[in-house]
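For reference, the chains in residue letters:
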Amino acid sequence: MAGQMITPPALRQYLMSAPVLDILNPLLPAGMTGARLVGQALILANQNSDLYKCSLDSIYSGIMRAATMGLELSGPLGQANLIPRWNRQLNGHEAVFQMGYKGYIVLAHRSRMVRHFFPRTVREKDQFRMRDGTDPAIDHVRSLEADPGPAVGYYAVIGYANGGSDFEYMSLAQVVAHRNRYAPKNKTWDTHFEEMAEKTVMIQLGKRCPLSIEFQSAAAEEAGGPGAWAAPAQAAGEEWHYP
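Residues numbered from 1 in each chain as written. Predicted model: local features only at pLDDT ≥ 70, side-chain atom pairs only at ≥ 80, totals over all residues. Heavy atoms only, no water.

(A) How the structure looks around the overall build of the protein. A tally of helices and strands in the protein yields nine helices and seven strands. Within the protein, the fraction of its 243 residues that count as buried is 45%. Restricting the contact set of the protein to residue pairs at least 6 apart, pairs at least 24 apart contribute 64%. Accessible area of the protein: about 12,800 Å², with a carbon and sulfur share of 52%. (Helix = DSSP H or I, 4+ residues; strand = E, 2+ residues; numbered from the N terminus. Buried < 20%, exposed > 50% of the residue type's maximum accessible area, 1.4 Å probe, protein only. Contact = heavy atoms within 4.5 Å. Areas by Shrake-Rupley, 256 points an atom, 1.4 Å probe, with all protein chains shown as cover.)

(B) Region of interest: the packing of aromatic side chains. Under the criterion given, the structure shown has four aromatic pairs. An angle of 35° between the planes, with centres 5.8 Å apart, marks the rings of phenylalanine 128 and tyrosine 155 as tilted. Of the two residues, phenylalanine 128 is situated in strand S4 (residues 127-131) and tyrosine 155 in strand S6 (residues 151-160); the sequence distance between them amounts to 27 residues. Of the residues examined, phenylalanine 128 reaches a relative accessible area of 23% and is grouped as partly exposed. Arranged with centres 5.3 Å apart and planes meeting at 65°, the rings of tryptophan 189 and phenylalanine 193 form a pair that is edge-to-face. Taking relative accessible area as the criterion, phenylalanine 193 reaches 21% and is therefore assigned partly exposed. (Phe/Tyr/Trp six-rings, centres within 6.5 Å; stacked < 30°, edge-to-face > 60°.)

(C) Layout of the sheet that holds strand S3 (residues 114-123). One open sheet accounts for three strands, arranged S3-S6-S7; its pairing is antiparallel. Unpaired on one side and paired on the other, S3 and strand S7 (165-171) mark the two borders of the sheet. The mean inter-strand angle of the sheet, taken between neighbouring strand axes irrespective of direction, is 10°. Pairing of S6 with S7 involves seven bridges; the strand directions are antiparallel. Considered in S7, the bridge of glycine 159 is made with serine 165. On top of the sheet, helix H6 (residues 172-182) reaches S6 and S7; it is set at about 80° to S7, its chief contact. (Pairing = 2+ DSSP bridges. Axes fitted to C-alpha atoms, helices over the stretch in contact; angles between N-to-C directions.)

(D) Examining the pairing of strand S1 (residues 80-87) more closely. The element S1 is extensively covered by neighbouring structure, given that six of its eight residues are classed as buried. Counted along the chain from S1 to the antiparallel partner strand S2 (residues 92-99), the turn is four residues long, and its residue asparagine 91 has a positive phi close to 55°.

(E) Up close: the pairing of S6. In terms of residue burial, S6 counts as a mostly covered element, since nine of its 10 residues are buried. Examined bridge by bridge, S3 and S6 share nine bridges and lie antiparallel to one another. For arginine 120, the partnering residue across the bridge sits in S6 and is tyrosine 155. Where S6 folds back on S7, the antiparallel hairpin that results is connected by four residues, among which glycine 163 adopts a positive phi of roughly 100°.

(F) Highlighting the nonpolar core. Among the nonpolar cores identified, the biggest contains 59 residues, and Ile63 and Leu73 are the most heavily contacted of them. Ignoring sequence-local partners within four residues, the contact set of leucine 73 consists of Leu37, Gln40, Ala41, Leu44, Ile63, Ala66, Ala80, Asn81, Leu82 and Phe97. (Core = buried A, V, L, I, M, F, W, Y, C linked by side-chain atoms within 4.5 Å.)

(G) View of the environment of tyrosine 52. One can find tyrosine 52 in the loop between helix H3 (34-47) and helix H4 (56-69). When the C-alpha positions of tyrosine 52 and leucine 42 are compared, they lie 9.7 Å apart, and in sequence the two are 10 residues distant.

(H) Fine view of H4. Compared with an ideal rise of 1.5 Å per residue, which puts 14 residues at 20 Å, H4 spans 20 Å between its outermost C-alpha atoms and is within 8% of the ideal. For H4, the set of buried residues is Leu56, Ser58, Ile59, Tyr60, Ser61, Gly62, Ile63, Met64, Arg65, Ala66, Ala67 and Met69. Immediately beyond the C-terminal end of H4, within one or two residues, lies glycine 70, with a positive phi of roughly 70°. (Expected span 1.5 Å × (residues − 1).)

The structure is reproduced here in structure tokens:
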């Protein structure tokens, strides 16, 4: 319900319940468990108390998205994150699943065609040359000075198992314009601009690369919202009520 908060103990009790874990566990890859993924979501909520204002369905939906992609909820600098946002139509907060740049790297490497996939930041004192045309290439030598200067651009490179490669470059001005157009209210840009910028060029590169359906779906999820999965009741015939 709008305007009501879920208490930390109540959220933990629900997400760690058997109905929830029984749904999560079969979806996860080897080495991951539903309890571990839920624990990561609870850590995110403790780090950002606005998540307790979000609807239970949206929190559950975000956890389910992470599970179906086999990604850990390790925050904005990791594989995936849950972001609290205000939804005018619902007149309340919702938890929105958001991929981290490491999540895109994980998904890209699941394709047997990919040898490597990584982003880089270009700084003012770096030596940087980019060539387009019939033989496109990037030559980037990082500055070894203690202060290499501010960021001036970002790029992502993908290398294929057959020896081919591709890259995408965006200047700082282009990244800022992209953020202002598509995510002007996303506070993650304010606290982790460089990581978000690197993720942006990775997504732009991934749009034209023969990557997995998982990667393409994840990129589409960037603009997605909650509600894809409805949170199960605590027990058969029992509905969840906010404390």
